[in-house]
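# Overview (structure and organization)
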Amino acid sequence: MNPSRFSHLLAPGRLGPLQLRNRVVLPAMDQNACSDEGLITDEVVAHYEERARGGVGLLILETSAVAYPVGATSRHQPSLSSDDCIPGLRRLGEAVHAHGAKMIVQMCHHGKVARVDTMEGREQLVASVPLPEFQAELENVLPDELAGLLAANGSQIPTARAATSEDLDWVVGAFAAAARRVQAAGLDGVEVHGGHGYLIASFLSPYSNRRGDEYGGSSDNRARLLTRVVRAVREACGPEFAVVVRLDGQEHGGGITPELAAAHGALAAGAGADAVHVSSYSQNPLTYAFTEGPLPWRPGQYIELARQVKAAVEVPVIAVGRISPALAEELLSGGDVCDFVAMGRQLLADPEIPNRLAAGRPELIRTCINCFVCVAENFWDGRPVCAVNARLGHYDRPVPAATGGRRVVVVGGGPAGLEAARVAAGRGHEVLVMESRRLGGTALLSSLTTPANGELVRYLVAATRDAGVEVRLGRPADADDVAAEHPDVVVVATGARRVRPAVPGGDLPHVLSGDDLRDLLIGSGTPPGVGRGMGWLLGAARAARLLEDPARLRRLSRLWMPIGRRVAVVGGGLVGVELAEFLAERRRTVTVLEDSAYLGAEMALPRRMRALHELAGAGVRTERNAAVTRIDRTTVTFESGGDEQSVPADTVIYAAGVRPDPTLADALRAAGLETVAAGDCATVGYIQGAIRSGADAAARI
Ligand SMILES: Cc1cc2nc3c(=O)[nH]c(=O)nc-3n(C[C@H](O)[C@H](O)[C@H](O)COP(=O)(O)O)c2cc1C
C-alpha cells in the first residue's frame, strides 16, 4: 500500500495562524471525564494524548462551558469559567503538543440543553419562549434509558427564558474571557459552537428565534450573537490565535437551510473566523432524526452542506460526518467541498488512523461500525464507550504490560477470540487460534445484514495476522485437541448456542434457527427446510466460493435466497430487527413478533430509533408483546393482549433464544487447564461484549 494514495489527506495545511501537519481533525466529542468541578483529569489527558500520538493534525477539545456551571450540559464537561481551569488545560496542551499536534477548545453555552441549569434550579437561556414543542418516540426508549434521561436533568422539568440584551452582553463577555483562559493555557485556539441547537444556534435558526429586536428578524440579525462572539474572541486573543466556528449546514425538521448556512459561514468569516466547520442538527433529537443531525448514519451525509458553505467563504472549511479516509482523500483532492476533514467516531474507534495511513497500512485501521454506542452514553451524561475499541472510556485501567512468554490457545475465531488473540500477541505471548469454520464468527454472519460488522472482521483478521498469531481453521476443537497443544492458558470464545422455539411446530422444516442460518451461509451442511434442489445450488455456490464474500452475498441475495416470500421473524431484538430490514429490502413480506414491549432493545438508543424508522419505511409489520403459541406450515399464531392472531409465513426465522454455551470451557477446566471464557459463550453481549471480554481476557494472561 502506497501512502501517496492519501497524499491530500496527509498533506500539511494552514488554518488561520496554525500550520497543521495533515488534514485530519478530531472533532469535539464529549468524554465527560472531567472532575465534578469541570477540571481536566488524567483520563481526559490520556484520551486526547492517544489521538495526538496517533497522528491527528488538529484536536478539538470536547464542548466546554464558557460560564460553567451556568449554561453547562454536564458537571463533567470542561469548565472555562475561572482561572482554575488553566493548569489542567495547560497540562493537556503540553501532552498533545509533545506529539506534534495542535489543539483548540470548543466553547459553548448550551442554552436549552444546559442540563446543569435545570438540575440546579436555573432557567435556561434561549432566543425565544415558548420553545417549539417536539414529540419524543418514548415507546422506543427502554425504562432504564428513560430513567437516565430524567436523572441527567436532576429529575427536574426544564424551564427557559428569552435572553435579554444584558444577558447577551454577558454571554459575549463570557466567550471572550473563556478564550483568553484557553490562550493563557498555551492552547492554539478555540472553536465557537454555533450549532446543534445550543444558545448561538438557537439565535441563528428561524425555527427557534422569533425575536423582534436586533437579534431577530433578518438573517443578519439572527447571526448578531455569533458575529459579536467571534469579534470579541478575536479582539481578546489577537490574530495568532485560531478561531473556528462550528455551524449547522442544515436543521432537519425546519430552521436553518443550506442557503442560510452559507450566509452564516460568510458572516462568521467576515467577523474574523479562520475556518468554518459544517455539521448538522435535527429539531427532534429523541427520534430517528438524531441520526440526520448531529450524528449521521450514512457515509458522507453532510458533504453537500459543506460544499455549499465552501462556495460562500474564502476561509478553510472543515467537513464532518462519517467520512472515511478514502472518502476524505476524494473530497480533498476535488477541492470544492472542504480543506480539512473531521473524523469523529472513526477516531474513537481507532486513534491511530493518520499513522496507519502514513505507514501504508490502512488495513490495520479499526473502523467504526456505526453502532451509536458511544454517543448514547451522552444522553444520560455517561462516558462514551466503543463497541470495537475496548479502551475508550476506560483510561483509568492501565494498559497491560508486555509480559510475554506464555503459550495461549484461543478456541473460536469470532470477535471475542480474535480480540483476545490480538491483545495477547501484542503482549508478547505465543498465540494459536483454533476455529472450526471461518474467521469472524457471528460478526461475519451479521455482516450480511450490517456490512459495517464485516469491516470489524476484516480488521481483526489483519491485526491478528500482523501480530503474528497462528490460525488453524477447519476442524472443531474439543478438550483433547486443545490439551494436545500444551497451552499455558486457554481462551474459550466459541460463541452462544441458539435454541429452537419451544412451541408446537417449532421443529418444522421451514422454521430456521440462527444456527440453521449460519449453516446455510458459512457452514457445510444443508439445513432443514432447504429442499434438495436448493441444497445442491448451495453446495455449488459454496464450491465456487460465492458465499465467502459477504458483499457479494448481499448482492446475490437480492436475486435469490432459500427463504419464502412471507417471513415471520420471531424475536425483535437486535438480530431480528436487522434481519427484518434485510429481508424486506429483498421483497419479502415480513412480520416481526417480539414478546416484550421493546424492539431492538440491545441496540444503542439512536441506532434503535433509526432502525425502527427504516423498518416502518420498508413496510415491516411489528408486533410487540406477542407470544408465539403455535407454528403451522403456512402461519404463525401468537397471543397479544389476550387475543389470538395469526400471520402468514412460508419461512419462520427464530431470532431469539441465544444462550451462553460454557460446555467447552467447563470441560477444559475439569481437565485442569487454566481457562478463561470470553464473548457470547460466557455472557451474551454481541460485538461490544465480545470485544470487551476478549480484551479483558487477554489483559489477565
Ligand atoms: C460521543 C460523541 C460526543 C460528541 N460530542 C460533541 C461535542 O461535544 N460537540 C460537538 O460539536 N459535537 C459533538 N459530537 C459530534 C461530533 O463532533 C461529530 O460531528 C459527529 O460525530 C459526526 O462525525 P462522525 O460521523 O465522524 O462521527 C459528538 C459525537 C460523539 C460520537
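From a predicted model like this one, the values you see are computed outputs, not experimental measurements.

### Some words on the side chain of Ser 557
Among the secondary structure elements, Ser 557 is positioned in helix α21 (residues 550–559). On the basis of relative accessibility, which here comes to 6%, the residue Ser 557 falls in the buried class. With residues up to four places along the chain from it excluded, the contact list for Ser 557 reads Phe 582 and Arg 586.

### Examining the domain arrangement of the protein
For the protein, the assigned domains are domain 1 (12–24 + 63–97 + 104–344), domain 2 (407–495 + 661–699) and domain 3 (498–518 + 553–658). Of note, the centres of domain 1 and domain 3, computed from C-alpha atoms alone, are 41 Å apart. The partner domain 3 presents 11 residues to the 15 residues of domain 1 that form the contact. Between domain 1 and domain 3 lies a buried interface of about 1,200 Å² when both sides are counted; carbon and sulfur atoms form 65% of it. Of all residues in domain 1, Asn 140, Leu 142 and Tyr 288 give up the largest surface area on contact with domain 3, accounting jointly for 42% of the area buried on that side. Note that Glu 145 is salt-bridged to Arg 608, the shortest N-O span being 2.7 Å. On the surface where domain 1 and domain 3 come into contact, there are six residue pairs in polar contact (both at pLDDT 80 or more). Here the side of domain 1 that touches domain 3 is built from residues that sort into eight nonpolar, three polar and four charged.

### Section: the sheet that holds strand β21 (residues 621–623)
One open sheet accounts for five strands, arranged β18-β25-β19-β20-β21; its pairing is parallel. Edge positions in the sheet fall to β18 (511–513) and β21, since each of these pairs with one other strand and no more. Within this sheet the neighbouring strands show an average axis-to-axis angle of 20°, counted without direction. Examined bridge by bridge, β18 and strand β25 (residues 651–654) share three bridges and lie parallel to one another. Residue pairing in the sheet places Leu 512 in a bridge with Ile 653 of β25. Sitting on the sheet, helix α22 (residues 574–585) touches β19 (566–570), β20 (589–593) and β25, and the angle it makes with β20 is about 170°.

### Re the nonpolar core
One finds Met 107 and Leu 225 to be the most contacted residues of the largest nonpolar core, which totals 169 residues. By residue number, the principal contributor to this core is helix α5 (residues 165–184), which donates nine residues. In this view, Leu 225 contacts Leu 168, Val 171, Val 172, Leu 199, Ile 200, Phe 203 and Tyr 215; residues no more than four positions away in its chain are not counted. Grouped together as the second largest cluster of nonpolar side chains are 26 residues, Val 569, Phe 582, Ala 584 and Leu 612 included.

### Considering empty space enclosed by the protein
On inspection of all chains with the given rule, the structure shows three cavities of 30 Å³ or more. Approximately 80 Å³ is the volume attributed to the largest cavity. Every residue along the wall of the largest cavity is listed here: Arg 345, Leu 348, Ala 349, Cys 368, Ile 369, Cys 371, Phe 372, Val 373, Cys 374, Cys 386, Ala 387 and Val 388. Only α12 (345–349) and α14 (373–379) provide two or more residues apiece to the lining of the largest cavity. Element by element, the count of residues in the lining of the largest cavity is highest for α12, at three residues. In terms of residue class, the lining of the largest cavity is made up of 11 nonpolar, no polar and one charged.

### Focus on the sheet that holds strand β14 (residues 430–435)
Spatially, five strands are ordered β15-β14-β13-β16-β27 in an open sheet, and the strand pairing comes out parallel. Two strands lie at the open edges of the sheet, namely β15 (470–473) and β27 (675–677), each paired on one side alone. Neighbour to neighbour, the strand axes of the sheet diverge by 20° on average, direction disregarded. By the bridge criterion, five bridges tie strand β13 (residues 407–411) to β14 in an arrangement that is parallel. Bridge assignment links Val 410 to a residue of β14, and that residue is Val 433.

### Focus: the packing of α5 against helix α8 (residues 224–237)
Contact geometry for α5 and α8: axes closest at 8 Å, N-to-C directions at 35°. Handedness of the crossing formed by α5 with α8: right-handed. Residues Leu 168, Asp 169, Val 171, Val 172, Phe 175, Ala 176, Ala 179, Arg 180 and Gln 183 of α5 lie in contact with α8, whose contacting residues are Leu 225, Arg 228, Val 229, Ala 232, Val 233, Ala 236 and Cys 237. For the contact of α5 with α8, the residue count by class is 12 nonpolar, one polar and three charged.

### A few points about the pairing of strand β10 (residues 275–282)
Side-chain direction in a regular strand flips from residue to residue, so the side chains alternate between the two faces of the sheet. Counting buried residues in β10 gives eight out of eight residues, a clear majority hidden from the surface. Side chains of β10 alternate between two faces, with Ala 275, His 277, Ser 279 and Tyr 281 and Val 276, Val 278, Ser 280 and Ser 282 buried alike. In the sheet, strand β9 (residues 242–252) pairs with β10 via seven bridges, with the strands oriented parallel. Residue pairing for β10: Leu 247 is matched across the bridge by Val 278. Each parallel crossover has a hand, and the one from β9 via helix α9 (residues 258–270) to β10 is right-handed.

### As for the environment of Pro 606
Counting through the fold element by element, Pro 606 comes out in helix α23 (residues 605–617). For Pro 606, a relative accessible area of 0% translates into the label buried. Separated by 36 residues in sequence, Pro 606 and Gly 642 have C-alpha atoms that sit 32 Å apart.

### A closer look at the state of the cysteines
As enumerated under the stated definition, the model contains zero disulfides in all. Here Cys 34 is not disulfide-linked; the sulfur of Cys 85 is the nearest cysteine sulfur, at 10 Å.

### A word on the site of the ligand
Taken together, 22 residues form the shell around the ligand, and within it Asp 30, Arg 246, Arg 322, Gly 344 and Arg 345 come nearest. Side-chain polar atom of Asp 30 to a nitrogen atom of the ligand: 2.6 Å apart, as the coordinates give it. Residue Arg 246 places a side-chain N or O atom 2.7 Å away from an oxygen atom belonging to the ligand. Looking at which element gives the most residues to the shell around the ligand, the answer is α14, with three residues. Class assignment for the residues of the shell around the ligand results in 11 nonpolar, seven polar and four charged.

### Examining the packing of aromatic side chains
A full pass over the atoms with the stated rule returns three aromatic pairs. Geometrically, the ring pair formed by Phe 203 and Tyr 215 is edge-to-face, given 6.0 Å between the ring centres and 75° between the ring planes. In this pair, Phe 203 is assigned in helix α6 (residues 199–204) and Tyr 215 in the loop between α6 and α7 (219–222), connecting sequence segments 12 residues apart. In this structure, Phe 203 and Tyr 215 share a single accessibility class: buried. Pairwise contacts between aromatic rings join Phe 290, Phe 379 and Trp 380 into one cluster. The side chain of Arg 23 reaches across the aromatic face of Phe 340, ending 5.2 Å from its centre. Positioned above the aromatic ring of Phe 372, the side-chain terminus of Arg 345 is 5.0 Å from the ring centre.

### Describing the pairing of strand β4 (residues 58–65)
For β4, a buried count of eight out of eight residues is recorded, marking the element as mostly surrounded by other parts of the structure. Pairing between strand β3 (residues 24–26) and β4: two bridges, direction parallel. By the bridge assignment, Val 25 is partnered in β4 with Leu 58. Where β4 lies against strand β5 (residues 102–108), six bridges are found, and the strand directions are parallel. Within the sheet, the bridge partner assigned to Leu 58 lies in β5 and is Lys 102. Chirality of the crossover, the property in question, places the unit of β4, helix α2 (residues 86–97) and β5 among those that are right-handed.

Definitions and limits used
Residues numbered from 1 in each chain as written. Predicted model: local features only at pLDDT ≥ 70, side-chain atom pairs only at ≥ 80, totals over all residues. Heavy atoms only, no water. Helix = DSSP H or I, 4+ residues; strand = E, 2+ residues; numbered from the N terminus. Buried < 20%, exposed > 50% of the residue type's maximum accessible area, 1.4 Å probe, protein only. Contact = heavy atoms within 4.5 Å. Domains from an automatic or database assignment. Buried area = accessible area lost by both parts, 1.4 Å probe. Salt bridge = Lys/Arg side-chain N within 4 Å of Asp/Glu carboxyl O. Polar contact = N/O pair within 3.5 Å; in protein donor to acceptor, adjacent residues only side chain to side chain. Nonpolar A, V, L, I, M, F, W, Y, C, P; charged D, E, K, R; others polar. Pairing = 2+ DSSP bridges. Axes fitted to C-alpha atoms, helices over the stretch in contact; angles between N-to-C directions. Core = buried A, V, L, I, M, F, W, Y, C linked by side-chain atoms within 4.5 Å. 1 Å grid on protein atoms, 1.4 Å probe; cavity = no way out; pocket = protein on both sides within 12 Å on 5 of 7 lines; lining within 4 Å. Points joined across faces, edges and corners; volume = space filled by probe spheres on them. Left-handed = near helix turned anticlockwise from the far one by under 90°. Right-handed = clockwise from strand over helix to strand, strands pointing away. Disulfide = S-S within 2.5 Å. Near = heavy atom within 4 Å. Phe/Tyr/Trp six-rings, centres within 6.5 Å; stacked < 30°, edge-to-face > 60°. Lys NZ or Arg CZ within 6 Å of the ring centre and 35° of its normal.

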